[in-house]
Amino acid sequence: VTEFVIIVESEADFRTASELANRIFIEQIEWIEPYLPQQLQWRGIVGETKFTCWKDIRSIYDEMKSRGTRLPRYLGGRAQGHDYAASTEVLHILDSLLREKNHDIQAVVLIRDLDNRPERRLGIEQARQESAHLTVVIGLADGKREAWVLNGFVCLDAREESLFANVRAELEFDPVVEAHRLRSTTFDEPNRIRNAKVVLDRLTEGVNERESQCWRSTSLDLLRERGTFTGLTNYIREIEEKLVPVLRAGGR
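What you see as residue numbers is a count from 1 along each chain, following the sequence as written. Reporting in this predicted model follows two pLDDT cut-offs: at least 70 for local features of residues, and 80 or more for side-chain atom pairs to be given and counted; totals over whole chains, interfaces and linings ignore these cut-offs and use all residues. Water and hydrogen atoms were dropped before computing side-chain values, which therefore reflect all heavy atoms in the structure.

A.B. asks: Just checking my understanding: could you explain the overall build of the protein for this structure?
C.D. replies: Looking only at helices and strands, one finds 11 helices and five strands in the protein. For 252 residues, the compact-globule estimate of 2.2 N^0.38 gives 18 Å, and the C-alpha radius of gyration of the protein, at 19 Å, lies within 12% of that figure. Seen through its C-alpha atoms, the protein measures out along the principal axes to roughly 60 × 45 × 25 Å. Taking all 252 residues of the protein together, the buried fraction comes to 50%. Sequence separation of 24 or more characterises 70% of the internal contacts of the protein that already satisfy a separation of 6 or more. Surface summary for the protein: the accessible area is close to 12,200 Å², and the carbon and sulfur share equals 46%. Counted as positive: Lys and Arg. Counted as negative: Asp and Glu. His and the chain ends are not counted at all. Think of each charge as sitting on NZ of Lys, CZ of Arg, CG of Asp or CD of Glu. Each charge class in the protein was averaged separately, 36 positive and 42 negative side chains, and the resulting centres sit 5 Å apart. A run of H or I in DSSP becomes a helix once it reaches four residues, and a run of E becomes a strand once it reaches two; helices and strands are each numbered from the N terminus. Each radius of gyration is computed over the set of C-alpha atoms, and the globule rule expresses the reference value as 2.2 Å times the number of residues to the power 0.38. Relative accessibility under 20% of the residue-type maximum defines a buried residue, over 50% an exposed one, and the middle range a partly exposed one, all with a 1.4 Å probe and only protein chains included. Whether two residues are in contact is decided by their heavy atoms: any pair within 4.5 Å suffices. For the accessible areas, the method is Shrake-Rupley and the probe is 1.4 Å, while residue cover comes only from the protein chains on display.

If you want it as structure tokens, here you go:
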């Protein structure tokens, strides 16, 4: 079984990122669909977890150090940008697991909301450049994961068309095609309507299953087209270029 470690901010991020990746695997590897559950395991850093959250990285790192695991500490003077330290610690931890030789970890996927902080990109990408042993995939939602989900929203009926028309009129732009313009982080008026979370909740009426349809059912071509400015297109490309070859080779 090929193992891909995934680092996210929440379970919702894990579902979105991993299910999108699985769709791409099925699209591009003709034989894999019936075998995917046996061929691939998404996992977190520790135990039987499905993912690891960014907020837990330091405690995992410190706990491993306390058990005597040899883990180099990142050189702070070389850091360029937020999240460099956490990303480097992830890679050091995984290097240690690989040395144990009882894991088949082939790649790590780093999923992060930029949250109007472009310096996050710099730090994560620098950490990747310094990784010698692992395939590192980066998915940066600009500004939040909800912008990726909005890229996949397609009205299903007249009611949704009415909801969409009302939101679009309030914003004076298309929140699906231009989801990257939803930069507000407040839930208070008057900027509430420019919060991607608020817009997504209004369009899906807070129904989780309706939200998940946006990345499970919308065509990948449409997601590629709409996701240019939210980071979604780049994430899809990273999966295609870095993980598809790994998974295809694993099935030979």
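A.B. asks: When you look at the nonpolar core in this model, what are you seeing that I'm missing?
C.D. replies: Nonpolar side chains in soluble globular proteins generally cluster together in the buried interior. The biggest cluster of nonpolar side chains holds 50 residues, and the ones touching the most others in it are Ile6, Phe25, Trp42, Tyr235 and Leu243. Counting residues per element, this core draws most heavily on helix 11 (residues 232–250), which supplies eight residues. Those residues in contact with Tyr235, other than ones at most four positions away along the chain, are Ala17, Ser18, Leu20, Ala21, Val109, Ile111, Val137, Ile138, Gly139 and Trp148. Within the second largest apolar cluster, 26 residues are counted, among which are Tyr84, Ile93, Val108 and Ile124. Grouping buried Ala, Val, Leu, Ile, Met, Phe, Trp, Tyr and Cys residues that are joined through side-chain atoms within 4.5 Å yields what is termed a nonpolar core.

A.B. asks: Even after reading the chapter, I still don't get the packing of helix 3 (residues 57–66) against helix 4 (residues 84–99), so can you show me in this structure?
C.D. replies: Axis angle and axis distance: for two packed helices, these are the angle between their axes and the distance between the axes, and together they describe the pair. The N-to-C vectors of helix 3 and helix 4 enclose an angle of 40°; their axes lie 10 Å apart at closest approach. By the angle class used here, helix 3 and helix 4 are oblique. Helix 3 and helix 4 meet at a crossing whose hand is left-handed. Facing helix 3, whose interface residues are Ile57, Arg58, Ile60, Tyr61 and Met64, helix 4 presents Ala86, Glu89, Val90, His92, Ile93 and Ser96. Looking at the contact of helix 3 with helix 4, its residues break down into seven nonpolar, two polar and two charged. As a rule, the C-alpha atoms of each element are fitted with a line to give its axis, helices using only the stretch in contact, and angles between N-to-C directions run from 0 to 180 degrees. An angle below 35 degrees is treated as roughly parallel, one above 145 as roughly antiparallel, one from 65 to 115 as roughly perpendicular, and anything else as oblique. Left-handed is the label given to a crossing in which the near helix is rotated counterclockwise from the far helix by less than a right angle, and right-handed is the label when the rotation is clockwise. Gly falls in the polar group here, along with every residue not listed as nonpolar (Ala, Val, Leu, Ile, Met, Phe, Trp, Tyr, Cys, Pro) or charged (Asp, Glu, Lys, Arg).

A.B. asks: Before we go on, may I ask you to explain the packing of aromatic side chains in this structure?
C.D. replies: What characterises a pair of aromatic rings is the spacing of the ring centres plus the angle enclosed by the ring planes. In summary, the pairing rule links any two rings of Phe, Tyr or Trp, Trp by its six-membered ring, whose centres are within 6.5 Å, and it sorts them by plane angle into stacked for under 30 degrees, edge-to-face for over 60 and tilted for everything else. Taken as a whole, this structure holds four aromatic pairs when the rule is applied. Ring centres of Trp148 and Tyr235 lie 5.2 Å apart, and the angle between their planes is 20°; on these two criteria the pair is classed as stacked. Here Trp148, found in helix 6 (residues 145–151), pairs with Tyr235, found in helix 11; they are 87 residues apart in sequence, far enough to count as distant. In this structure, Trp148 and Tyr235 share a single accessibility class: buried. Ring pairs connect the aromatic residues Phe4, Phe25 and Trp42, which therefore count as one cluster.

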